Amino acid sequence: MAHIDNLVDRIADPALRSQIADEIAKLVERKDFGLVFQRHQPEDVETPGVKPRRGDRARLRGDTTKKDYLVRSTRAGRASLLPLDSGRQVVSGAVPEEREFDELVVVKDFDYPIYPGLQLVNELRCGGDKPSHIVINGENYYVLETLLYTHVGKVDVIYIDPPYNTGSDDWQYNDRYVDRRDDFAHSKWLSFMERRLHHARRLLKSTGVIFVSISDHEQAYLKLLMEQIFGPSNFVDTIVVEMSTTSGPKVTNAQQGTIVKNVEFVHIFRRSADFDLVRHSPLYDSTPQWDTHYTQWLGDDGQLLSFAEVMLEDNEVGADIRRFGLLEVSGRSAGKFNIGASMDKLLAVSDAANRFVSSNLDRIARLDNLPASCRGMEAPVDGWVEVQADHRTYLLTKLRTGTLNQVYSLRRNYRMSDDYRPKFGRTVIRGDLWKGFYQDMGNVSKEGGVAFTNGKKPVRLMSQLIKWANNAPDTIILDFFGGSGSTSHAVMEMNAADGGRRQSITVTNNELGRAASDALRFAGRFPGDPEWEVGGVFEKITRPRLETVVTGLRADGKRVSDGLAENVSFYKLTYEDENQVALDRRFHAIAPLLWMKSGARGAVVHRGDDAWALPEDATYGVLFDVAAAHNFADAVTAREGNIQHVYVVTDAESAFQAAVQYLPPSLRFSTTRLYSDYLHSFEINGMG
C-alpha cells in the first residue's frame, strides 16, 4: 500500500488525487469471497512476420530475456528503437538504436485491439454443400476475439482441454514456459483461463454449453472461476472420467500405499437455463448384472405370470437351472428358481438362458408406477391389458391390493451400449461416472494416424459429450485448445454415422515442445523460420491428422480408410493494419471472416474487377461499388432466397442505407457495412 500511496501523492490535480485516494480506500475495505487470485499483467504474443510500425512494441528475435523496445520510427526496412523498462516506459536518457525488420518480432499486447485476417493454408472439398469445418492456427485469445466477430451467440457446444498447469512444460504464459517452481503459476493460470472463458461465454447460444477437461491439480479452482463467469446457477455437473487403471508402474506405488490417480474431470456449465430446453440424449453403459425387478412374464392370454416359473418350465433352461444347482433348497421357496439370488449365475453359465432372454424381450417385464395419463383406467388383477393415452401405448395391470401399475417390457432396457466396444444387451443409463475410458486411452495413439503424446483425448469422449448435450444434426462445436484435432475428428465421425451437418471450429497454435524449441534456438532458428514452423503442432499434428480423416490418405501416401464426406478449411491467423483495411486494401484477408460469418458454406467471395460479387455456390454477396446497388439487388433477388448475408463496402452510412433500400424486404438476410462494422467490432474487443 505504501507504494500505491506514493504514486497517488504524485498526482498533480488535487481533486483527482482525492477522488482516487477515496476509491482505493473503498477497495481496501472490501472483502472478497469465493475465488481470489492475483490477476497478472495482460498476456502478449510474439507475431513473426508482422512488419513493425511506429508505436509498436518489439523484441529482438531469439532474445530469451524478452527485452522490449518501442518502435520510434520505421524507414526502408529499418526501425529506430528505444528500450523499455519493466513498466513499459522508455528508459530515461536511452539512445535510439537501428535494427533491420528481419531482426525484430512485433509483440501484440492483449490490452490493445488487433485487426485479424485469415490466410488460407489448405482446403478439402469432399462434403458437397455441407458447412466447412474450420481449423485456425493462431493465438487462441486472438482467435476468440475473431470469432466474436463471426460467431457471437452462435455456438452450441464448446469443449476444451486446456493445459493442466502441472509444471510439465505443457504451457506458456507470455511466451515463457511456466513450471512448478514459479510462485505465481497458479494465479497466472487462472488469469490465462479467465480471459478466454469470458470470450467463450459470449460465443455460446443461450441454449449452449461448455465442457472443460481438467485434472485434480486445478479442477477445484476452475469450478470456482467458471461459477464466477457463468454464474453458480448455470453449473450442470462435474463428470468423473476413468482414464487409466492401477496397472504398470502404478501398481508399485499403490502397493506402497499411494492412492494413484485414475480419473480426470469434466466441468459442465450452461450459458443459461435455456440449455434445459434442448433435448439431451442419454448414454448407456452395458452391465452384466440382471435387473432383479424384471420378474414378470406377459402371457399370450393376457395373464401376468412368473418369469422364474416360465424359465423353469422351458426344457433347455430348466435343465440348466437344475444341472448347475440353482434351485432353492430350503424354506418356502424350496424347489423354485430365485431370480434375485441366481439369475446372474444362470446367465454366466447357460447359453440356453441367454438365448431365451434375447428371444423374449417383449414378454419379460417389470412393474412400475402408473403414468398420470392412465389414472382412472381399468386393468385385470394378475393380468395385463394394452391401453392408449396421450397418443402412446401402455400396458397396465391391477395388483391384488387394487393398485394400478404400469407394465413395461425388458426390450426397453436392451439396446446398443455406448461402451468402447458397443454391444446389444442389458444397459444402464450413465450418470456422472464415466467408466472404461482407459480402454480408449490404450488405443488413442492410433486415432487419426498421428502420434501425439501430450494429453491427446479419445474421440469417443468428445462425441459422447456432444451427443448428450445437443445431438441435433446442425450444431456448431468449438474447441479453442484444439491440440491434435480430436474434437473436429469426433464431429466428422458423428456426421458420418447419422448424416448430420454439424460444423466444428478448431483453434490451435504451432508451438513446439520445450526440448525441440531449445534445440532450434541453439541452432539459430526461431519462430517464423521454416525449420521452426514445420515442426509445430498445427503443421505436424493437427493439419495432417484432419487431412487424413477426410481423405483417408496419410501424409506418406498410405491409405488408412475410405475417408469422410466432409469439407475442411485450414487457416493461419494474420494481424492486419487497420488503416489498410479501412482503405479497402486488405479484402483478401477479411474475406474468410465474411464467409464464416455467413455460415462457412459454399465459396469464399474473392474480389475481382466487377462492382459486386455473388458466386453461384456462395451464401452471401458483396457490393463493392454502391453505384451498382440496383443491379446487385436484382441479382440477389434472382437467387430465390438462398443468400443469407449481404456486405456493402462504403465509408458513408447514408450510402449504405441507400444501397440496402434496393434489396427486397421480403427476403430475410443480414446486412453489414464494411469496413466500419469490422473495425468497430475489434476496437471494442480490444478494450475487454
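Residues numbered from 1 in each chain as written. Predicted model: local features only at pLDDT ≥ 70, side-chain atom pairs only at ≥ 80, totals over all residues. Heavy atoms only, no water.

Participant: What am I meant to see in the overall build of the chain here?
Facilitator: Each helix and strand in the chain was counted, giving 21 helices and 31 strands. When its C-alpha atoms are laid out on the principal axes, the chain stretches across 105 × 75 × 65 Å. Per-residue burial for the chain yields a buried fraction of 49% across its 688 residues. Restricting to contacts in the chain with at least 6 residues of sequence separation, those with at least 24 account for 68%. Put simply, the chain shows about 33,900 Å² of open surface, and 49% of that area lies on carbon and sulfur atoms. Of the charged side chains in the chain, 83 are positive and 94 negative; the average position of the first set lies 2 Å away from that of the second. (Helix = DSSP H or I, 4+ residues; strand = E, 2+ residues; numbered from the N terminus. Buried < 20%, exposed > 50% of the residue type's maximum accessible area, 1.4 Å probe, protein only. Contact = heavy atoms within 4.5 Å. Areas by Shrake-Rupley, 256 points an atom, 1.4 Å probe, with all protein chains shown as cover. Lys, Arg positive; Asp, Glu negative; His and termini not counted. Charge placed at Lys NZ, Arg CZ, Asp CG, Glu CD.)

Participant: Honestly, the pairing of strand S23 (residues 424-429) in this entry has me stumped. Any pointers?
Facilitator: Walk down a regular strand and you will see the side chains alternate between the two sheet faces. Bridge count for strand S15 (residues 284-286) against S23 is three bridges, and the pairing is antiparallel. Each bridged residue has a counterpart across the sheet, and for Asp285 the counterpart in S23 is Val428. In terms of strand pairing, strand S22 (residues 414-416) meets S23 through three bridges, oriented antiparallel. When the sheet's bridge partners are listed, Arg415 is paired in S23 with Gly425. (Pairing = 2+ DSSP bridges.)

Participant: Help me out: how do you make sense of the packing of aromatic side chains in this one?
Facilitator: How two aromatic rings sit relative to each other is given by the distance of their centres and the angle of their planes. Counting across every chain of the model gives 24 aromatic pairs. Residues Phe275 and Trp468 carry aromatic rings whose centres are separated by 5.9 Å and whose planes lie at 55 degrees to one another, so their mutual orientation is tilted. Of this pair, Phe275 sits in the loop between strand S14 (263-270) and S15 while Trp468 sits in helix H12 (residues 459-469), placing them 193 residues apart in sequence. Classification of Phe275 by relative accessible area gives buried; the value is 2%. Relative accessible area serves as the criterion here: at 22%, Trp468 is assigned to the partly exposed category. Residues Tyr414 and Phe424 carry aromatic rings whose centres are separated by 6.0 Å and whose planes lie at 65 degrees to one another, so their mutual orientation is edge-to-face. Of this pair, Tyr414 sits in strand S22 while Phe424 is found in strand S23, placing the two residues 10 residues apart along the sequence. (Phe/Tyr/Trp six-rings, centres within 6.5 Å; stacked < 30°, edge-to-face > 60°.)

Participant: Mind showing me how you'd approach the pattern of salt bridges here?
Facilitator: Evaluation of the coordinates by the stated rule reveals 45 salt bridges. Residue Arg78 is joined to Glu98 by a salt bridge in which the shortest nitrogen-to-oxygen separation is 3.8 Å. With Arg78 in strand S4 (residues 78-83) and Glu98 in strand S5 (residues 97-100), this pair connects stretches of sequence that are 20 residues apart. We classify Glu98 as partly exposed; its relative accessible area is 44%. (Salt bridge = Lys/Arg side-chain N within 4 Å of Asp/Glu carboxyl O.)

Participant: Please explain the nonpolar core as it appears in this structure.
Facilitator: Nonpolar side chains in soluble globular proteins tend to be buried together. If you look at the biggest cluster of nonpolar residues, it comprises 72 residues, and the most contacted ones within it are Ile210 and Leu478. Residues in contact with Leu478, not counting those within four places in the same chain, are Leu144, Leu147, Val155, Val157, Ile158, Tyr159, Leu203, Ile505 and Val507. (Core = buried A, V, L, I, M, F, W, Y, C linked by side-chain atoms within 4.5 Å.)

Participant: Is there a simple way to explain the environment of Arg400 in this structure?
Facilitator: Mapping Arg400 onto the fold places it in the loop between strand S20 (392-398) and strand S21 (404-409). For Arg400, a relative accessible area of 72% gives the class exposed. With near-sequence residues (within four places) excluded, Arg400 lies in contact with Val381 and Asp382. Here the side chain of Arg400 touches Asp382 through a polar contact of 2.9 Å, side chain to side chain. (Polar contact = N/O pair within 3.5 Å; in protein donor to acceptor, adjacent residues only side chain to side chain.)

Participant: So what exactly am I meant to see when it comes to helix H8 (residues 315-323) here?
Facilitator: Every α-helical turn comprises 3.6 residues, leaving residues that sit three or four positions apart pointing alike. Along H8, the residues that are buried comprise Val317, Gly318, Asp320 and Ile321. Angularly, the buried residues of H8 cover 160 degrees about the axis, an arc narrow enough to put them on a single face. Turned more than 90 degrees off the buried face of H8, the exposed positions are Asn315, Glu316 and Arg323. Buried-residue contacts for H8 involve helix H7 (307-313), helix H9 (339-349) and helix H10 (351-358). The N-cap of H8, judged by a side-chain oxygen 3.2 Å from the amide nitrogen of Glu316 a few residues on, is Asp314. Looking one or two places after H8, you find Gly325, whose phi comes out positive at around 65 degrees. (Arc of directions from axis to C-beta.)

Participant: Could you clarify how one ought to interpret the sheet that holds S21 in this entry?
Facilitator: Sheet strands line up and pair through hydrogen bonds in the backbone, either parallel or antiparallel. With antiparallel pairing, the six strands of this open sheet are ordered in space as S17-S16-S18-S21-S20-S19. Sheet topology places strand S17 (304-306) and strand S19 (385-389) at the edges, where each strand pairs with a single neighbour. Averaged over all neighbouring strand pairs, the angle between strand axes comes to 50 degrees, with direction disregarded. Pairing analysis gives two bridges linking strand S16 (residues 296-298) to strand S18 (residues 364-368), with the strands arranged antiparallel. The residue bridging Trp297 from the neighbouring strand is Ile364, located in S18. (Axes fitted to C-alpha atoms, helices over the stretch in contact; angles between N-to-C directions.)

Participant: Just to check I follow, could you spell out the packing of helix H3 (residues 140-150) against helix H4 (residues 185-203) for this structure?
Facilitator: Helix-helix packing: each pair is described by the crossing angle between the helix axes and the interaxial distance. It is at 10 Å that the axes of H3 and H4 come closest, and there the two elements cross at 20 degrees. One element, H3, and the other, H4, form an angle in the roughly parallel class. Between H3 and H4 lies a crossing whose hand is left-handed. Residues Asn140, Tyr141, Leu144, Glu145, Leu147 and Leu148 of H3 lie in contact with H4, whose contacting residues are Arg195, Arg196, His199, Arg202 and Leu203. Within the contact of H3 with H4, the residues separate by chemical class into five nonpolar, two polar and four charged. (Parallel < 35°, antiparallel > 145°, perpendicular 65-115°, else oblique. Left-handed = near helix turned anticlockwise from the far one by under 90°. Nonpolar A, V, L, I, M, F, W, Y, C, P; charged D, E, K, R; others polar.)

Participant: How do you make sense of the sheet that holds strand S29 (residues 620-623) when you look at a structure like this?
Facilitator: Pairing is mixed in the open sheet, where four strands are placed in the order S28-S29-S30-S31. Every interior strand has two partners, whereas the edge strands, strand S28 (612-613) and strand S31 (670-674), have only one. Of the strands in this sheet, S29, strand S30 (645-649) and S31 are in contact with helix H20 (residues 653-661), which crosses S31 at around 150 degrees.

Participant: Help me understand the packing of H9 against H10 in this model?
Facilitator: Where H9 contacts H10, the two axes come as close as 5 Å, and the packing angle between them is 105 degrees. The angle between H9 and H10 places the two elements in the roughly perpendicular class. Across the interface between the two elements, Met343, Leu346, Leu347 and Val349 of H9 pack against Asp351, Ala353, Asn354 and Val357 of H10. Of the residues that constitute the contact of H9 with H10, the class distribution is six nonpolar, one polar and one charged.

Participant: Just to check I follow, could you spell out the environment of Gly231 for this structure?
Facilitator: By the element assignment, Gly231 lies in the loop between helix H5 (219-230) and strand S13 (235-242). Among the residues examined, Gly231 registers a relative accessible area of 17% and is labelled buried. Separated by 134 residues in sequence, Gly231 and Glu97 place their C-alpha atoms 51 Å apart. Apart from the residues lying within four places of it in its own chain, the contact partners of Gly231 are Met226 and Phe269.

Participant: Looking at this structure, I do not really get the pairing of strand S26 (residues 503-508). What am I missing?
Facilitator: For S26, the buried fraction is high: six of the six residues fall into the buried class. Of the two faces of S26, both are covered, the one formed by Gln503, Ile505 and Val507 as well as the one formed by Ser504, Thr506 and Thr508. Pairing of strand S8 (residues 133-137) with S26, which is carried by four bridges, proceeds in the parallel orientation. What sits directly across from Asn137, in S26, is Thr508. Of the strand pairs in this sheet, strand S25 (residues 476-479) and S26 are connected by four bridges, and their pairing is parallel. From the neighbouring strand, Asp479 faces S26, where its bridge partner is Thr506.

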